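Residues per chain are reported as follows:
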Amino acid sequence: MRLFLLILMTALQGCTASPAQEKEGSLQVGEYLYEALGDEKLAGIGDELPECIRVISDDNGLREIANLTDTEEIAAAAELFKAVQIGKKTDIYVTDRYNSVSFTFADGEKTVITLNDRNLEWKNNDTTELYELEGMNDFWKSIFQD
């Protein structure tokens, strides 16, 4: 199933995804999302901004895509993203609300974060865990002007 999701995300986004969501073990409440996922590029987002931030919102088939390529927009979005923290685990899955945030860096490396509604969909070994994300609404509103 994990392979299928990676292939699907790659096909939809046109790049190879990094293993940011394949870290073993559960995440800890209060960890910053950009540091918690085990992805070096994402962890260094304060030092090296991505060239593009792509956010996909899919709400019951109504798909909206935001591509940030302006340096000032990327810097502002990155600051808001850095404030997002891991919240408590939840078991509330929302159907037809599969969103993602991807970061493409100058060297072509890409990190994709999969969301169920605005909760992190975390692959932990052979199971999927959902975590609420504190601060994600502020990031989302800055992207889509909700």
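Rules and cut-offs
- Residues numbered from 1 in each chain as written.
- Predicted model: local features only at pLDDT ≥ 70, side-chain atom pairs only at ≥ 80, totals over all residues.
- Heavy atoms only, no water.
- Helix = DSSP H or I, 4+ residues; strand = E, 2+ residues; numbered from the N terminus.
- Expected span 1.5 Å × (residues − 1).
- Polar contact = N/O pair within 3.5 Å; in protein donor to acceptor, adjacent residues only side chain to side chain.
- Pairing = 2+ DSSP bridges.
- Axes fitted to C-alpha atoms, helices over the stretch in contact; angles between N-to-C directions.
- Core = buried A, V, L, I, M, F, W, Y, C linked by side-chain atoms within 4.5 Å.
- Buried < 20%, exposed > 50% of the residue type's maximum accessible area, 1.4 Å probe, protein only.
- Contact = heavy atoms within 4.5 Å.
- pLDDT = per-residue confidence, 0-100.

## Some thoughts on helix α4 (residues 71-82)
And then number 1: Between its first and last C-alpha, α4 extends 16 Å over 12 residues, near the 16 Å set by a 1.5 Å rise per residue.
And then number 2: Between the side-chain oxygen of the N-cap and the backbone nitrogen of E72 there are 3.1 Å, and the N-cap of α4 in question is D70.

## Regarding the sheet that holds strand β3 (residues 85-90)
And then number 1: Taken together, the 7 strands give an open sheet; going across it, the order is β2-β1-β4-β5-β6-β7-β3, and neighbouring strands pair in antiparallel fashion. What marks the edges here is a single partner per strand, and that holds for β2 (62-68) and β3. In this sheet, neighbouring strand axes are inclined to one another by 30 degrees on average, regardless of whether the strands run parallel or antiparallel.
And then number 2: Taken together, the 7 bridges between strand β4 (residues 98-104) and strand β5 (residues 110-116) define a ladder with antiparallel strand orientation.

## Comments concerning the nonpolar core
And then number 1: L33, L120 and F139 are the most contacted members of the largest nonpolar core, which has 31 residues in total.
And then number 2: Non-local contacts of F139, meaning those with residues more than four positions away in its chain, are made with I53, V55, A77, L80, F81, V84 and V101.

## Let's talk about the confidence of the model for the protein
Regions with low pLDDT should not have their predicted coordinates read in detail.
And then number 1: When pLDDT is averaged along the protein, the result is 84; 82% of the residues meet or exceed 70.
And then number 2: Of all helices and strands in the protein, the one with the weakest mean pLDDT is helix α1 (residues 2-13) (42), whereas α4 scores best (96).
And then number 3: Low pLDDT (under 50) marks residues 1-23, which in the prediction has 47 contacts with non-local residues, meaning those over four places away or in another chain.

## Remarks on the pairing of strand β1 (residues 52-59)
And then number 1: Pairing geometry for β1 and β4, over 5 bridges, is antiparallel. Bridging across to β4, C52 finds its partner in T104.
And then number 2: In this sheet, β2 lies alongside β1 in antiparallel orientation, the contact comprising 7 bridges. Bridged to S57 within β2 is E64.
And then number 3: In textbook terms, the turn of a hairpin is the stretch between consecutive antiparallel strands, and for β1 and β2 this stretch comprises 2 residues, one of which, N60, has a positive phi near 55 degrees.

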